[in-house]
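Structure assessment
Residues per chain, in single letters:
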Amino acid sequence: MPRQKGQLRLGAFFNPTGHHVASWRHPNAQADAGINFAHYTEIARTAERGKFDMIFLADNVGVREAHMDALSRSAQYIANFEPFTLLSAIAAMTSRIGLVCTATTSYNEPFHVARKFASLDHISGGRAGWNLVTSGQSVEAYNFGRDAHYGHAERYDRAREFAEVVVALWDSWDDDAFMRDKASGQMFDPAKMHVLNHVGKHFKVKGPLNIPRPPQGHPVIVQAGTSDDGMDVAARFAEVIFSANLTIESCQAYFQEVKSRAAEKFGRNPDHLKVMPGLSCYVGRTETEAEEKYDYQNSLMHPIVAREILSTILGGIDLSPYDFDGPLPENLPMTQGSQSHFKYVTELAKSKNLTMRQIAQVVAGARGKLVVKGTPKQIADMMEQWYVEEAADGFNVMPPTLPGGLDDFVELVIPELQRRGLFRTEYTGRTLREHLGLPRPPNRYERRTTEAAE
Ligand SMILES: Cc1cc2nc3c(=O)[nH]c(=O)nc-3n(C[C@H](O)[C@H](O)[C@H](O)COP(=O)(O)O)c2cc1C
């Protein structure tokens, strides 16, 4: 039974020039977008004009390792602002849109992360969100005193304790702890300050945090894990999940699994966990116009970059011995990379009889996330179907180019969604939690005091 139509949640995921690997070569791209604040102000304001719930900035703490011929032709995560600094500046240039960025649990301390998001939440009036990642790239390890990345299980073990500490630190102070009473000379009430004294396997943190409780209580927690451990962390802590499913069937299975885990294993309300798959759209007023935008963008991709992106999606398989205009070789070995991407790419290649170059064009748009092209109606149909058939609560929109891809979405797709009653026409809330329909969590210490009094 399909569910009733409701309000979609929409994030605008910003890569500086857009998500297509060759977006920086588009004639309208700011080639230096990663360090161009005027550009970020413009796209954040466009997203706010479109009434998006939030903008999202991903992050890596290092330059990825790749063949220099391919790397030197790419702009992705190589020449970017540090995201907290950037979001703090964007906070001042916007008033309603949520501000979400990545912070890794592998190469940070929980105190730093709790403090920075609390700060951003105060600066923005309750619009901050934390995308919790454990880091997939081993190169990050080399910048933080290590010779190798933590193993998968260890980094998720660390992530669980890390998140517990961060959330607990956000409760360091009761909401009304600071009376700042000039007449009596009392700054805060000592009974409303809570010292954490956490001693665990990975962290020892005394607390309290040196900033009052964030306006949202807890900044919104976002997660994007696809592995079993990743889904467990999401089911326990996340309020938004950036999934990376490519078909409605696989996203429905993911939606079911993560929400039932949240309810059954962690006693959470499954509606307080919003599943938002990545979606990259080429929008045209006609199908032909959308096709033309797609083909033009792909024509800007250098063959070396195309080969590298396909190789990466397949988990690092060396494709150089093969003819790129020929079919994908049969019986490729499965690697340690994403199994769902591997399966999708190999099945797609077979079913549509694609050459390697053609497959690379399919995956280049959004590094393995879903790419669609069409008219506003076709795109809205797809989004509506994923919502009512319980594959998604909304989407993490990944414009292939910026600013053009976002302008197209805001000018063409959003009005179509609004016309169908699937998206807000005006913000009704002030905080990111209010936009997303998430409750403000009570302070654990206040809760305890109330419970004891009852
Ligand atoms: C939309 C989206 C955004 C992501 N952003 C980041 C990021 O900013 N930094 C990062 O290291 N990993 C990022 N990831 C990767 C995930 O954190 C995670 O490593 C990946 O989904 C594999 O999950 P697993 O480790 O549970 O297998 C992102 C993934 C998705 C789907």
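Residues numbered from 1 in each chain as written. Predicted model: local features only at pLDDT ≥ 70, side-chain atom pairs only at ≥ 80, totals over all residues. Heavy atoms only, no water.

**Concerning the site of the ligand**
Within the structure, the ligand sits among 22 residues, and Asp59, Thr102, Tyr156, Ala224 and Ser227 are positioned closest to it. Thr226 places a main-chain nitrogen or oxygen 3.2 Å from an oxygen atom of the ligand. For the ligand, the accessible surface in isolation is 620 Å², of which the surrounding protein chains cover 83%. Elements that contribute at least two residues to the shell around the ligand include exactly strand S4 (128-133) and helix H5 (152-170). Of all the elements, H5 adds the most residues to the shell around the ligand, at three residues. Residue classes in the shell around the ligand are distributed as eight nonpolar, eleven polar and three charged. (Near = heavy atom within 4 Å. Polar contact = N/O pair within 3.5 Å; in protein donor to acceptor, adjacent residues only side chain to side chain. Areas by Shrake-Rupley, 256 points an atom, 1.4 Å probe, with all protein chains shown as cover. Helix = DSSP H or I, 4+ residues; strand = E, 2+ residues; numbered from the N terminus. Nonpolar A, V, L, I, M, F, W, Y, C, P; charged D, E, K, R; others polar.)

**A short note on helix H3 (residues 83-93)**
Burial in H3 covers these residues: Pro83, Phe84, Leu86, Leu87, Ile90 and Ala91. One side of H3 holds all its buried residues, which, seen down the axis, span an arc of 155°. Those residues of H3 that are exposed and aimed more than 90 degrees away from the buried face are Thr85 and Ala92. Here the buried face of H3 lies against helix H1 (37-49), strand S2 (54-57), strand S3 (98-104) and helix H4 (110-124). The backbone nitrogen of Phe84 has a side-chain oxygen 3.1 Å away, supplied by the residue at the start of H3, namely Glu82. (Buried < 20%, exposed > 50% of the residue type's maximum accessible area, 1.4 Å probe, protein only. Arc of directions from axis to C-beta. Contact = heavy atoms within 4.5 Å.)

**Some remarks on the side chain of Thr94**
Along the chain, Thr94 falls in the loop between H3 and S3. Given a relative accessible area of 9%, Thr94 falls into the buried group. For Thr94, the side chain forms a polar contact with the main-chain oxygen of Ile90, separated by 2.9 Å. Separated by 3.0 Å, the side chains of Thr94 and Arg127 make a polar contact.

**Describing the nonpolar core**
Judged by nonpolar contacts, the single largest core of 74 residues is most densely connected at Leu10, Phe52, Ile55, Trp130, Trp170, Met383 and Phe395. Sorting elements by how many residues they give to this core places H5 first, with nine residues. Contacts of Trp170, omitting those with residues within four sequence positions, involve Ala114, Phe117, Ala118, Trp130, Leu209, Arg213, Pro214, Gly217, His218, Pro219 and Ile221. By size, the runner-up hydrophobic cluster in this structure holds 25 residues, among which are Ile317, Ala349, Leu354 and Met356. (Core = buried A, V, L, I, M, F, W, Y, C linked by side-chain atoms within 4.5 Å.)

**Examining the pattern of salt bridges**
Inspection of the entire model under this criterion finds 28 salt bridges. Its salt-bridge partner being Asp175, residue Arg213 comes within 3.2 Å of it at the nearest N-O pair. One end of the pair, Arg213, is in the loop between strand S8 (204-205) and strand S9 (220-223); the other, Asp175, is in the loop between H5 and strand S5 (178-181), and 38 residues separate them in sequence. Exposure remark for Asp175: the relative accessible area of 40% places this residue in the partly exposed category. The residue Lys373 makes a salt bridge to Glu291 at a minimum N-O spacing of 3.4 Å. (Salt bridge = Lys/Arg side-chain N within 4 Å of Asp/Glu carboxyl O.)

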